[in-house]
Amino acid sequence: MRTQVAIIGSGPAGLLLGQLLTNTGVDNVILERATREHVLSRIRAGVLEEGTTAMLQEAGAGSRMRAEGLPHDGFDLAFDGRRHRVDLHGLTGKRVMVYGQTEVTRDLMEKRARSGGRSIYEAVNVRPHGFDTDRPHVTYQKGGREHRIDCDFIAGCDGYHGVARRSVPQGAIEIFERAFPFGWLGIIADVPPVGPELVYANHPRGFALCSMRSHTRSRYYVQVPIEEKIEDWPDERFWDELRRRLPKATAEAVTTGPSVEKSIAPIRSFVAEPLRFGRLFLAGDAGHIVPPTGAKGLNLAASDVRYLFDALHEFYTEKSQAGLDAYSRRALARVWKAERFSWWMTNTLHRFPDHGGFGQKIQHAELDYLFSSRAALTALAENYVGLPY
Ligand code: RFL
Ligand code: PHB
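Cut-offs used in this document
Residues numbered from 1 in each chain as written. Chains lettered and ligands numbered in written order. Predicted model: local features only at pLDDT ≥ 70, side-chain atom pairs only at ≥ 80, totals over all residues. Heavy atoms only, no water. Pairing = 2+ DSSP bridges. Helix = DSSP H or I, 4+ residues; strand = E, 2+ residues; numbered from the N terminus. Axes fitted to C-alpha atoms, helices over the stretch in contact; angles between N-to-C directions. 1 Å grid on protein atoms, 1.4 Å probe; cavity = no way out; pocket = protein on both sides within 12 Å on 5 of 7 lines; lining within 4 Å. Points joined across faces, edges and corners; volume = space filled by probe spheres on them. UniProt positions renumbered as here; feature names shortened; annotations may be inferred. Disulfide = S-S within 2.5 Å. Salt bridge = Lys/Arg side-chain N within 4 Å of Asp/Glu carboxyl O. Buried < 20%, exposed > 50% of the residue type's maximum accessible area, 1.4 Å probe, protein only. Near = heavy atom within 4 Å. Polar contact = N/O pair within 3.5 Å; in protein donor to acceptor, adjacent residues only side chain to side chain. Areas by Shrake-Rupley, 256 points an atom, 1.4 Å probe, with all protein chains shown as cover. Nonpolar A, V, L, I, M, F, W, Y, C, P; charged D, E, K, R; others polar. Core = buried A, V, L, I, M, F, W, Y, C linked by side-chain atoms within 4.5 Å. Contact = heavy atoms within 4.5 Å. Phe/Tyr/Trp six-rings, centres within 6.5 Å; stacked < 30°, edge-to-face > 60°.

### Focus: the sheet that holds strand β10 (residues 137–142)
Pairing between the strands of a sheet comes from backbone hydrogen bonds, and it takes one of two forms, parallel or antiparallel.
Next, step 1: One open sheet accounts for three strands, arranged β9-β10-β11; its pairing is antiparallel. Of all strands in the sheet, those with a lone pairing partner are β9 (124–129) and β11 (145–150), marking the two edges. Going across the sheet, the axis of each strand differs from the next one's by a mean of 15 degrees, ignoring polarity.
Next, step 2: The pairing of β10 with β11 spans six bridges and is classified as antiparallel. If you follow T139 over to β11, its bridge partner there is R148.

### Focus: empty space enclosed by the protein
Next, step 1: Within the structure shown, the criterion is met by three cavities of 30 Å³ or more.
Next, step 2: By volume, the largest cavity is sized at about 60 Å³.

### Looking at the UniProt feature "domain: FAD-binding" (unreviewed entry) in the protein
Next, step 1: The sites that UniProt annotates as "domain: FAD-binding" (unreviewed entry) are residues 2–342.
Next, step 2: A helix fraction of 33% and a strand fraction of 31% characterise residues 2–342, whose end C-alpha atoms lie 40 Å from each other.

### With respect to the state of the cysteines
Next, step 1: Using the criterion set out here, one finds zero disulfides in the structure.
Next, step 2: Of the cysteine sulfurs around C151, a residue in no disulfide, the closest is that of C157, at 13 Å.

### Some words on the pattern of salt bridges
Two side chains with opposite charge may pair up if their charged atoms get near one another.
Next, step 1: Evaluated as defined, the whole model comprises 26 salt bridges.
Next, step 2: For E68, the salt bridge identified is with R64, shortest N-O distance 3.3 Å. You can see E68 and its partner R64 sitting in helix α4 (residues 63–68), four residues apart, about one turn around the helix.
Next, step 3: For R279, the salt bridge is made with D134, and the minimal N-O distance between the two is 3.7 Å. Taken together, the positions of R279 in the loop between β18 (276–277) and β19 (280–282) and D134 in the loop between β9 and β10 put the pair 145 residues apart, joining distant regions of the chain.
Next, step 4: By relative accessible area, R279 is classed as buried at 13%.
Next, step 5: On the basis of relative accessibility, which here comes to 60%, the residue D134 falls in the exposed class.
Next, step 6: Beyond isolated ion pairs, a larger network of salt bridges with shared partners links R64, E68, E103, R106 and D107.

### So, the site of ligand 1
Next, step 1: Neighbouring ligand 1 are 32 residues, the closest being E32, R42, Q101, D285 and L298.
Next, step 2: At 2.6 Å from an oxygen atom of ligand 1 is found a side-chain nitrogen or oxygen belonging to E32.
Next, step 3: G297 is positioned such that a nitrogen or oxygen atom in its backbone is 3.2 Å from a nitrogen atom of ligand 1.
Next, step 4: Considering ligand 1 on its own, with 1,000 Å² of exposed area, one finds that the protein chains cover 89% of that surface.
Next, step 5: Looking at the shell around ligand 1, the elements that each hand over two or more residues are α1 (12–23) and α9 (297–318).
Next, step 6: Ranked by residue count, the leading element in the shell around ligand 1 is α9, at three residues.
Next, step 7: Of the residues contributing to the shell around ligand 1, the split by class is 15 nonpolar, ten polar and seven charged.

### A short note on the nonpolar core
Next, step 1: Core analysis: the biggest nonpolar cluster contains 75 residues, and L16 and L17 have the highest contact counts within it.
Next, step 2: For this core, the element with the most residues is α9, which contributes twelve residues.
Next, step 3: With sequence-adjacent residues up to four places away left out, L17 is seen in contact with I7, A155, C157, V305, L308, F309 and L312.

### Let's talk about the sheet that holds strand β15 (residues 208–212)
Next, step 1: Taken together, the eight strands give an open sheet; going across it, the order is β6-β5-β14-β15-β16-β13-β17-β20, and neighbouring strands pair in mixed fashion. Strands with a single pairing partner mark the edges of an open sheet, and in this sheet they are β6 (82–86) and β20 (288–289).
Next, step 2: Judged from the five bridges that link them, strand β5 (residues 75–79) and β6 form a sheet pairing that is antiparallel. From the neighbouring strand, F79 faces β6, where its bridge partner is R82.
Next, step 3: Against the sheet, helix α7 (residues 235–244) touches β13 (174–189), β15, β16 (218–225) and β17 (259–273), its axis set at about 85 degrees to β16.
Next, step 4: Where helix α10 (residues 322–349) meets the sheet, it contacts β5, β13, β14 (199–201), β17 and β20, and its direction lies at approximately 125 degrees from that of β17.

### Digging into the packing of aromatic side chains
Next, step 1: Applying the stated criterion to the full structure yields 21 aromatic pairs.
Next, step 2: Judged by centre distance (6.0 Å) and plane angle (35 degrees), the rings of F79 and F371 are tilted. You can see F79 sitting in strand β5 and its partner F371 sitting in the loop between α11 (356–370) and α12 (374–385), a full 292 residues away along the chain.
Next, step 3: Residue class for F371 comes out partly exposed when judged on its relative accessible area of 25%.
Next, step 4: Through pairs of rings, three or more aromatic residues link up here, namely F75, W184, Y200, F207, Y221 and Y384.

See below:
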């Protein structure tokens, strides 16, 4: 088989890139290790920047999001038993869209099926080859047979645990990372959210977040030690812990109910440099991870795809390599700013086992300052709604 761009991974990065390419007549194939159902069963991101929603529209996969997504003008930060609003729209003129990653993925998959794009699910042992030459190819197994796809370029959109980054010679890549000593225990429950906007809570017992997927489906998280086991968290314990970490009136307004999903996510910062190796390009979680506190992971996958798609489009229409040559530098400049913001949000809102009294006083001063300074609050807001591409 031959294609122009072989895409590894059918998450948001791979699907969005594939759709933009298909829409402009560039042939592409997506190779995905898991089944379609498995990809759709992963509950992850919930907050989309305007740049991300604009790309979904451009891809032709934005109509359900426009109809069912929840535009949010702000969110609350809770500390010292009180809630303080961050007026995103008042401070920046922008808003964010609350619309689940599962739905984004479903919309992109449906659009791909309608436009005849090729996706190969349950592709085993996908391997990129020859990306240091002008003739790369990808191999994989399916149905007990070995297959080969020759291509012009390979896009590694296969997430943090993917094969693309691991195929690069060790000396050619530099890794920057920080693991945090805690995870997020998250649940989904079919109960109305505690309020119309998200609440991020800093509490002596640890961080908590009230989010949502719709007017009838809530998403809640609590910070837990990294070694915590999901079996030790029956729903009752989760609801009790969540409510303890919220201001009294907010805790009393929480509607509880059986969880339909429950999992613990590790919290880490990670960046691989560069994001290009000859004709192999990394995009999304394959190249970088942020702690979810800033709601940036999926949005960074989208901005990578913006730069990569524009570069490929330029290559195919103008025979120019300039965009491809600039891809890694451009994408990383935005990635590092989101890394900084996500790291800052994480440090400001979580309890750290080794911070001690001094660390907590600094955290408190940071939050106090934030709500006494329009400049500081604007800096938070402009990062949260997303820096320009
Ligand atoms: P994905 O979604 O991991 O997709 C990669 C795909 O590649 C496949 N794959 C392979 N395919 C073939 N061969 C192989 N060898 C392969 N290895 C892997 C995988 O099966 C998968 O289908 O990466 P992508 O597309 O880069 O998208 C990134 C986002 O998923 C991620 O950044 C976000 O979910 C992060 N995130 C959030 N981001 C936001 O922008 N806003 C949020 O509010 C937000 N909240 C979150 C989050 C992530 C979380 N977790 C669980 C880590 C909340 C949580 C709890
Ligand atoms: C979510 O709804 O899953 C969510 C929202 C905001 C975040 C992280 C996750 O910062």
